[in-house]
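Coordinates in review
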Amino acid sequence: MPGLLAIGAITSTGLGAILVFAVDWQWDGADRPLVGLIMMAVGILALVAATNMYGHDSHSGKTS
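As a starting point, this report considers the structure included with it.

Cut-off values and rules
- Residues numbered from 1 in each chain as written.
- Predicted model: local features only at pLDDT ≥ 70, side-chain atom pairs only at ≥ 80, totals over all residues.
- Heavy atoms only, no water.
- Helix = DSSP H or I, 4+ residues; strand = E, 2+ residues; numbered from the N terminus.
- Buried < 20%, exposed > 50% of the residue type's maximum accessible area, 1.4 Å probe, protein only.
- Contact = heavy atoms within 4.5 Å.
- Areas by Shrake-Rupley, 256 points an atom, 1.4 Å probe, with all protein chains shown as cover.
- Phe/Tyr/Trp six-rings, centres within 6.5 Å; stacked < 30°, edge-to-face > 60°.
- Expected span 1.5 Å × (residues − 1).
- Arc of directions from axis to C-beta.
- Patch = residues over 30% accessible without salt bridge, like charges linked within 9 Å, V, L, I, M, F, W, Y side chains within 5 Å.
- Salt bridge = Lys/Arg side-chain N within 4 Å of Asp/Glu carboxyl O.

1. A closer look at the overall build of the protein
- A count of helical and extended segments in the protein gives 2 helices and 0 strands.
- Here the protein holds 64 residues, and the buried ones make up 22% of them.
- For the protein, long-range pairs separated by at least 24 residues make up 55% of all intrachain contacts whose partners lie at least 6 apart in sequence.
- For the protein, the exposed surface amounts to about 4800 Å²; the carbon and sulfur share of it is 70%.

Next comes the structure, spelled out in structure tokens:
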């Protein structure tokens, strides 16, 4: 499951960066750069969590 979380984290970070740096249109009632920054922060936190979970899974000593 850490692999799926990592894919989602990278996607969230990428879409957030696109909203902050590459898009120039505005939403009514929403601050586009703030939404992008929040998406990037959540993506980075999820990537750290996925990396941490992957590290614990690979060193647990379990064999399949």
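Past the structure itself, the notes keep going.
2. Thoughts on the side chain of Ser12
- Note that Ser12 resides in helix α1 (residues 2-22).
- Leave out the neighbours within four places in its chain, and Ser12 touches Met39, Met40 and Gly43.

3. Some remarks on the packing of aromatic side chains
- Under the counting rule described, the total for this entry stands at 1 aromatic pair.
- Geometrically, the ring pair formed by Trp25 and Trp27 is tilted, given 5.5 Å between the ring centres and 40 degrees between the ring planes.
- Note on Trp25: relative accessible area 42%, which makes it partly exposed.

4. Points about α1
- Taking 1.5 Å of rise per residue, the 21 residues of α1 would be expected to cover 30 Å, and the 29 Å separating its terminal C-alpha atoms lies within 8% of that figure.
- Along α1, the residues classified as buried are Pro2, Ala6, Ala9, Ser12, Gly16, Leu19 and Val20. End-on, the buried residues of α1 take up no more than an arc of 155 degrees, which puts them together on one face. Exposed side chains of α1 directed beyond 90 degrees from the buried face belong to Leu4, Ile7, Ile10 and Ala22.

5. Points about a nonpolar patch on the surface
- On the surface, a cluster of nonpolar side chains totalling about 270 Å² of accessible area is made up of Leu34, Ile38 and Val42.
- Its location among the elements puts Ile38 in helix α2 (residues 32-58).
- Overall, the relative accessible area of 47% leaves Ile38 in the partly exposed class.

6. Brief notes about the environment of Leu34
- Residue position: Leu34 is located in helix α2.
- Along the backbone, Leu34 and Val20 are 14 residues apart, and their C-alpha atoms lie at a distance of 7.7 Å.

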